[in-house]
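The chain contents come next:
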Amino acid sequence: MAMIIADNAGAVREQLKAGSTVLVDYGASWCPPCRTLLPILEELNAEYGDEVRMIKVDCDELPELASEAGVMSMPTVIVYSGGQPMEKLVGLRPKSVYQGVLNKLAGAVRSTP
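All of the points below concern the structure found in this document.

Criteria and thresholds
Residues numbered from 1 in each chain as written. Predicted model: local features only at pLDDT ≥ 70, side-chain atom pairs only at ≥ 80, totals over all residues. Heavy atoms only, no water. Helix = DSSP H or I, 4+ residues; strand = E, 2+ residues; numbered from the N terminus. Buried < 20%, exposed > 50% of the residue type's maximum accessible area, 1.4 Å probe, protein only. Pairing = 2+ DSSP bridges. Contact = heavy atoms within 4.5 Å. Axes fitted to C-alpha atoms, helices over the stretch in contact; angles between N-to-C directions. Disulfide = S-S within 2.5 Å. Core = buried A, V, L, I, M, F, W, Y, C linked by side-chain atoms within 4.5 Å. Left-handed = near helix turned anticlockwise from the far one by under 90°. Nonpolar A, V, L, I, M, F, W, Y, C, P; charged D, E, K, R; others polar. Salt bridge = Lys/Arg side-chain N within 4 Å of Asp/Glu carboxyl O. Arc of directions from axis to C-beta. Polar contact = N/O pair within 3.5 Å; in protein donor to acceptor, adjacent residues only side chain to side chain.

## Some details on the environment of Glu 14
Consideration 1: By secondary structure assignment, the location of Glu 14 is in helix H1 (residues 9-17).
Consideration 2: Judged by relative accessible area, Glu 14 falls into the exposed class, the value being 51%.
Consideration 3: Taking C-alpha positions, Glu 14 is 19 Å from Ala 106, a pair spaced 92 residues apart along the chain.

In structure tokens form, the structure reads like this:
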């Protein structure tokens, strides 16, 4: 499944309520660390396929979602499970950190390249 680019808050809220594991990337197009994170998340999206839904939220376009999630700096990645925030990663992290969180929450066993 392709990474979802959020264009309205209601759609994101519906995805979170779906109950599966959802990774939401809160960032902005002008943010250099956010741009660095994007290819990492695209790789993870390809690796995890249907196990994890990934959503990109532009905080400038949907500030109400960023506010609801308590985003204070970018990038912020929040992984939800069953509609509840389970893990919040603030700032750019290595790919292995995101893999560890997803492995734990999605129940998938992945090897780190």
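## Notes on the sheet that holds strand E1 (residues 4-5)
Consideration 1: Here five strands make up an open sheet; going across it, the order is E1-E3-E2-E4-E5 and the pairing mixed. Here the strands that pair on one side only, and so sit at the sheet edges, are E1 and strand E5 (84-90).
Consideration 2: Contacting strand E2 (21-27), strand E3 (52-58) and strand E4 (76-81), helix H2 (residues 32-48) crosses the sheet at an angle of about 160 degrees to E3.

## What to know about the state of the cysteines
Consideration 1: What the rule picks out here adds up to one disulfide.
Consideration 2: Here Cys 31 is linked by a disulfide to Cys 34, with a sulfur-sulfur distance of 2.5 Å. In this structure the cystine formed by Cys 31 and Cys 34 twists about its S-S bond by roughly 75 degrees; its chirality is therefore right-handed. Of the two residues examined, Cys 31 and Cys 34, each falls in the buried class.
Consideration 3: For Cys 59, which is in no disulfide, the shortest distance to another cysteine sulfur is to Cys 34 and amounts to 7.4 Å.

## Side note on the nonpolar core
Consideration 1: Ranked by internal contacts, the top residues of the largest apolar core, which has 17 residues, are Val 12, Val 24, Tyr 26, Ile 55, Val 57, Leu 65 and Tyr 80.
Consideration 2: Taken together, the elements giving at least two residues each to this core come down to H1, E2, E3, helix H3 (63-68) and E4.
Consideration 3: Apart from the residues within four sequence positions on either side, Ile 55 is in contact with Met 3, Ile 4, Ala 6, Val 12, Gln 15, Val 22, Leu 23, Val 24 and Asp 25.
Consideration 4: The next biggest cluster of nonpolar side chains, apart from the first, holds 16 residues, and it includes Met 3, Val 52, Met 54 and Leu 89.

## Some points on the packing of H2 against helix H4 (residues 95-106)
Consideration 1: At a closest axis distance of 10 Å, the pairing of H2 and H4 adopts a crossing angle of 35 degrees. Between H2 and H4 lies a crossing of right-handed hand. Taken together, the residues of H4 that come into contact with H2 (itself represented by Leu 37, Ile 40, Glu 43, Leu 44, Glu 47 and Tyr 48) are Lys 95, Tyr 98, Gln 99, Leu 102 and Asn 103.
Consideration 2: In terms of residue class, the contact of H2 with H4 is made up of six nonpolar, two polar and three charged.

## Details of the pattern of salt bridges
Consideration 1: Per the counting criterion, the structure on display carries five salt bridges.
Consideration 2: Note that Glu 68 and Arg 13 form a salt bridge whose closest N and O atoms lie 2.4 Å from each other. One end of the pair, Glu 68, is in helix H3; the other, Arg 13, is in helix H1, and 55 residues separate them in sequence.
Consideration 3: Across the pair Lys 95 and Glu 43 runs a salt bridge whose closest N-O atoms are separated by 2.8 Å.

## Structural notes on H1
Consideration 1: Buried within H1 are the following residues: Ala 9, Val 12 and Leu 16. Axial view of H1: buried residues confined to an arc of 65 degrees, hence all on one face. In this structure, H1 carries Glu 14 and Lys 17 as exposed residues pointing more than 90 degrees from its buried face.
Consideration 2: Where H1 is buried, its residues touch E2, E3, H3 and E4.
Consideration 3: For H1, the side-chain oxygen to backbone nitrogen distance between the N-cap and Gly 10 is 3.2 Å, and the N-cap itself is Asn 8.
Consideration 4: At the exit of H1 stands Gly 19, carrying a positive phi of roughly 95 degrees.

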